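A look at the structure
Take a look at the letters that make up each chain.
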Amino acid sequence: MTTTLRLGIAGLGTVGVGVMRIVAAHADLLARRTGREIAVTAVSARERGRDRGIDLSAHAWEDDAVALARRDDVDIFVELIGGEDGVARAAVEAAIDAGKHVVTANKAMLAVHGHALAERAEAAGVALRFEAAVAGGIPCIKALSEGLAGNRIKRVMGVMNGTCNYILTRMEDAGLPYDTVFAEAHALGYLEADPQLDVGGIDAAHKLALLAALAYGTRVDFEGVAIEGIERVSIADIRHAADLGFRIKLLGVAQMTGRGLEARMAPCLVPAKSPLGQLQGATNMVVLDGDAVGQIVLRGAGAGEGPTASAVMADVADIARGTRMPVFGQPAGTLARPFRATAGTPSPYYLRMDLHDKPGALAKIAACLGEAGISIDRMRQYDHAETVAPVLIVTHKAARASLDEAIESMGRTGVLAGDPVALRIETLAV
Ligand SMILES: NC(=O)C1=CN([C@@H]2O[C@H](COP(=O)(O)OP(=O)(O)OC[C@H]3O[C@@H](n4cnc5c(N)ncnc54)[C@H](O)[C@@H]3O)[C@@H](O)[C@H]2O)C=CC1
Ligand SMILES: N[C@@H](CC=O)C(=O)O
Ligand code: NA
C-alpha cells in the first residue's frame, strides 16, 4: 500500500462530523477500495470546545481554516464551512495555491466562483471536486461527467433542495403549519446557515447552475437561472393542487432550446402520481436526458449528515485512486460563455387569487387574461369569506411574460384583494 492520504477538514458541522464518522467507521473498506490508507490529520471549526459527539484528540487543531489549507501534512483540503465568499473561498484558494487537492460541498461558492476556481485548480494541477454540492448523496456529478460523457445532454431536471421538499410534503401529509415543519427540517440538519437560500430557491438554483455547466460545457451561470422560492406557497395551494391531481415541488429545469439555454428553478405543479410527485421528505430526484442513453432518473437523500458525507467521501476516494479530470468535465479554458434563452418555454399555469366579492370582478380578471392572449382551461371559486372570493384558474399554455402582463393589468382593475399566486404546471414532469 502506498502512503497515507491525509485529509484536512475545515468545518465540523452536520457534514464535517459525518465525514469524520465515515473515515473512522470505514477505514479498512476505504483502504481496500482505493489502495491507500485515508486519515484525517487536522481539523478546523469555529468553536474548539463544542461537543460534537466525536473524538478529535488524535487530530491537530487549527483555529484558522486558511492555515489548515496550507499545512504540509494535508494532501486534500476538505471544505465544509459553507458560504459564497469569506473564509471558505479564501481557504480553498490557499489550498489550491499550496498544491493541495480540494473537495467541497459548497454550492454557493462554486455557483458564483466556480469558473475562476476551476481555472485556478487546473493551472495548479490539483483536483477540485464537488459531488456533495449537488443533490447531496446522489452521485449526479459523477453520472453526468463520467457516466454520460458520450451523450449530448438534452435536459437536466429535478428536485434539488431537501429542505423545500421536506417542508412541502410534511405540510401536505401531516397538515402541519410551515413554522413547525421548518423547525423540524432545521433539527434534521437540512438547512443552510441562511435558510433564505433554501426557501428562496437560491440553493437549488446554485445546484442547477452547476449541473447545467457540466451538461452543456459552459461556464457556470448562476445569474442566468430564473428563480422563485416556495415562500408564497400556502397550505391552500397545496390542497387546491391536490384536488386537481397535482403536488407542488420546487423543480429545476435546464434545457438547451433554439433560443439558448433555459434554466429555471420554481415551485411547479407536477402530477401527484408521477415519480416526481411521489418524492417525500428530503429526498431529491435528478433526471438526465441524453441523446444516446435516453432518460435516467436518480433518486436519493439530498441533504443530511450521512448522505452528504457519503458524497464527500466518493470524491476523496477518486482522488486516492488517482482519478483526475477537469473540474467541469472539460478544461476550464474550453468552456463556452453561456448563451441564455430570452424567454422560457410556455406552459399551463395555476393561478390563485382573492377577489373583492363585487359584481363583474371575475369578468374583469377573465378580460385581463384574454387581452394578454391567455385562454382559461378551468376555473373554480372556493368557499367565500364575507367580502373576499377565492378563485382558482388553470390556464392553457401561456408564456410567463404574458401571464405577468395579465397579472399586472389585474392589479389595475381594483378587484384583487391580494397578490395572485402563479405556479407553472410542468408538462415535462417525469
Ligand atoms: N447540511 C446538509 O445537508 C448539506 C450541506 N451542504 C454544504 O456543506 C457545507 C457545510 O454545511 P453544514 O455541515 O450543514 O453546515 P454547519 O453550519 O452545520 O457547519 C459549518 C461548520 O463550519 C464551521 N465554521 C464556520 N465558520 C468557520 C471558520 N471561519 N473557520 C472554520 N470553520 C468555520 C462551523 O463551526 C461549523 O462547524 C455548506 O457548504 C453546505 O451548503 C451540502 C449538501 C448538504
Ligand atoms: N440545504 C440543502 C442541503 C443540501 O444541499 C437542502 O436542503 O437541500
Ligand atoms: Na451529489
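Keep in mind that what you see is a predicted model, and the values were worked out from it rather than measured.

What to know about the domain arrangement of the protein chain
When the parts of a complex come together, some accessible area is lost, and that lost area is often taken as the interface size. Domain assignment breaks the protein chain into domain 1 (2–133), domain 2 (141–301) and domain 3 (349–425). Taking only C-alpha atoms, the centre of domain 1 and the centre of domain 3 are 51 Å apart.

A few points about the coordination of the sodium ion (ligand 3)
Here the sodium ion (ligand 3) is held by the protein donor atoms Glu131 (O), Glu131 (OE), Val134 (O), Gly136 (O) and Ile138 (O), which lie 2.3 to 2.7 Å from it. Written as a sequence motif, the donor arrangement for the sodium ion (ligand 3) is E-x2-V-x1-G-x1-I. Using a relative accessible area of 4% as the deciding quantity, one classes Glu131 as buried.

Here's the deal with the pairing of strand β16 (residues 421–425)
Judged by how many residues are buried, β16 sits mostly within the fold: five of five residues are covered. The two faces of β16 match: Val421, Leu423 and Ile425 on one face and Ala422 and Arg424 on the other face are all buried. The sheet contact formed by strand β10 (residues 260–271) and β16 spans two bridges and is parallel. The residue bridging Cys268 from the neighbouring strand is Arg424, located in β16. The pairing of strand β13 (residues 349–356) with β16 spans four bridges and is classified as antiparallel. Following the sheet pairing, Leu351 is matched in β16 by Ala422.

Description of the UniProt feature "active site" (unreviewed entry) in the protein chain
The UniProt record marks Lys207 with the feature "active site" (unreviewed entry), using the residue numbering of this structure. Positionally, Lys207 belongs in helix α10 (residues 202–216). Sequence-distant contacts of Lys207, that is, excluding residues within four places in its chain, are made with Lys107, Ala133, Val134, Ala135, Met160 and Asn161.

Quick notes on the pairing of strand β9 (residues 246–257)
Counting buried residues in β9 gives 11 out of 12 residues, a clear majority hidden from the surface. In terms of strand pairing, β9 meets β10 through 12 bridges, oriented antiparallel. For Arg247, the partnering residue across the bridge sits in β10 and is Val270. With antiparallel pairing between neighbouring strands as the criterion, β9 and β10 make up a hairpin whose turn holds two residues.

With respect to the site of ligand 1
Residues in close proximity to ligand 1 total 21 residues, the closest being Leu12, Val15, Gly189, Glu192 and Gly304. Between an oxygen atom of ligand 1 and a side-chain N or O atom of Lys107, the distance comes to 3.2 Å. The contact in question runs from a nitrogen atom of ligand 1 to an N or O atom on the backbone of Gly189, over 3.0 Å. Isolated, ligand 1 exposes 820 Å² of accessible area, and the fraction of that covered by the protein chains is 85%. Tallied by class, residues from the shell around ligand 1 come to nine nonpolar, nine polar and three charged.

Conventions used here
Counting of residues starts from 1 at the beginning of each chain's written sequence and follows it residue by residue. Lettering of chains starts at A and numbering of ligands starts at 1, both following the order in which they are written. Since the coordinates come from a predicted model, pLDDT governs what is reported: local features require at least 70, and pairs of side-chain atoms require 80 or more to be given and counted, while whole-chain, interface and lining totals use all residues. Working from all heavy atoms in the structure, the side-chain values ignore hydrogens and water. What marks off one domain from the next here is an automatic or database domain assignment. The rule for donors is simple: N, O or S, within 2.8 Å of the metal, or within 3.2 Å if the metal is Na, K or Ca. Water isn't counted, so a site may look like it is missing partners. Here's how the labels work: a residue is buried when its accessible area is under 20% of the maximum for its type, exposed when over 50%, partly exposed in between, all with a 1.4 Å probe on protein chains only. Helix and strand definitions follow DSSP, with helices as H or I runs of at least four residues and strands as E runs of at least two, each counted in order from the N terminus. At least two DSSP bridges between two strands are required for those strands to pair. UniProt positions are given in the numbering used here, feature names are shortened, and annotations may be inferred rather than shown by experiment. In this description, contact between two residues means that some pair of their heavy atoms is separated by no more than 4.5 Å. Summary of the distance rule: residues count as near a molecule or strand when at least one heavy atom falls within 4 Å of that molecule or strand. Under the rule applied, a polar contact is a pair of N or O atoms within 3.5 Å (in protein, one hydrogen donor and one hydrogen acceptor; residues adjacent in sequence only if both atoms are side-chain atoms). For the accessible areas, the method is Shrake-Rupley and the probe is 1.4 Å, while residue cover comes only from the protein chains on display. Ten residue types, Ala, Val, Leu, Ile, Met, Phe, Trp, Tyr, Cys and Pro, are classed as nonpolar, four, Asp, Glu, Lys and Arg, as charged, and the remainder, Gly among them, as polar.

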